[in-house]
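Chain residues, written in single-letter form:
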Amino acid sequence: KKINKIIYSSSISVKLYEKNLINESRYLYAFLKFTNEKYIFNFCKKNNIKLIICRISNIYGGKEKFTFINNLINSYKNNKVFYFNNTNESRDFIHVTDVVKIYIKLIKNNVTGYLEIGTGRLIKLKDLVAIFKDKVNVKNIINTHNTYNEQSIKLLKTNTKLLKKYYNLNNLIKLNTYLEKMLSN
């Protein structure tokens, strides 16, 4: 059976790699995602396969265990210290369920090319931590070589213009709603 379409899950951090703005801690990850994008693009072109490259922002929810959101929630639930680089860094967070729903729409539609997947809204990490301030022992750490500059942070905000053609972003799970639910469990 012939493969008609491939959806490759990449990362919004590739935008930083392309502009040489990636920080040391994320360099290898972004480099590998970028390299995989090029490899799969050439493979699909050679084999006449439709390709969608989804550059996804920060996913949360589901059974993931290694993200900022999950680490913050686990610190709360397990009464553990949360180590936080107290900077003005921001991220665009999207729930895994929303990503799945978007992928289903992309499969059903004749979409090809690059697509950024996220909410289009940046949230300051320190504002997220503040929600937990009375509930979690937050230890601020200063680690300046891992911070993004203002130009980099703007690139982390997903451009949802194309995504809006295929998915109603008003239906996305709100991070605050998710956090309230997780804190009440």
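Details of the structure are given in the entry above.
Here is what the cut-offs are and how they apply
- Residues numbered from 1 in each chain as written.
- Predicted model: local features only at pLDDT ≥ 70, side-chain atom pairs only at ≥ 80, totals over all residues.
- Heavy atoms only, no water.
- Helix = DSSP H or I, 4+ residues; strand = E, 2+ residues; numbered from the N terminus.
- Buried < 20%, exposed > 50% of the residue type's maximum accessible area, 1.4 Å probe, protein only.
- Axes fitted to C-alpha atoms, helices over the stretch in contact; angles between N-to-C directions.
- Parallel < 35°, antiparallel > 145°, perpendicular 65-115°, else oblique.
- Left-handed = near helix turned anticlockwise from the far one by under 90°.
- Contact = heavy atoms within 4.5 Å.
- Expected span 1.5 Å × (residues − 1).
- Arc of directions from axis to C-beta.

### Considering unusual backbone geometry
For N48, which is not a glycine, the phi torsion comes out positive at approximately 55 degrees. By secondary structure assignment, the location of N48 is in the loop between α2 (27–46) and β2 (50–56). The class for N48 is exposed, based on a relative accessible area of 66%.

### Brief notes about the packing of helix α3 (residues 68–77) against helix α7 (residues 175–184)
Relative placement of two packed helices is described by the angle separating their axes and the distance separating the axes. The geometry of α3 relative to α7 is characterised by a closest axis approach of 11 Å and an angle of 25 degrees between their N-to-C directions. What the angle tells us is that α3 and α7 run roughly parallel. Where α3 crosses over α7, the two elements pack in a sense that is right-handed. Counting all contacts with α3, which are made through I69, I73, Y76 and K77, the residues of α7 involved are L175, Y178, L179, M182 and L183.

### Details of the environment of N4
Secondary-structure assignment places N4 in the segment before β1 (5–11). The sequence separation of N4 and C44 amounts to 40 residues, and the corresponding C-alpha distance is 9.6 Å. Excluding residues that lie within four positions of it along the chain, N4 makes contacts with I49 and K50.

### Focus: helix α4 (residues 96–108)
Its 13 residues give α4 an end-to-end C-alpha distance of 19 Å, which sits within 8% of 18 Å, the value for a rise of 1.5 Å per residue. For α4, the set of buried residues is D98, V99, I102, Y103 and L106. Buried residues of α4, seen end-on, are gathered within an arc of 140 degrees and therefore sit on one face of the element. Opposite the buried face of α4, by more than 90 degrees, sit the exposed residues I107 and K108. Its buried side turned inward, α4 meets β1, β2, β3 (58–60), β6 (93–95) and β7 (113–117).

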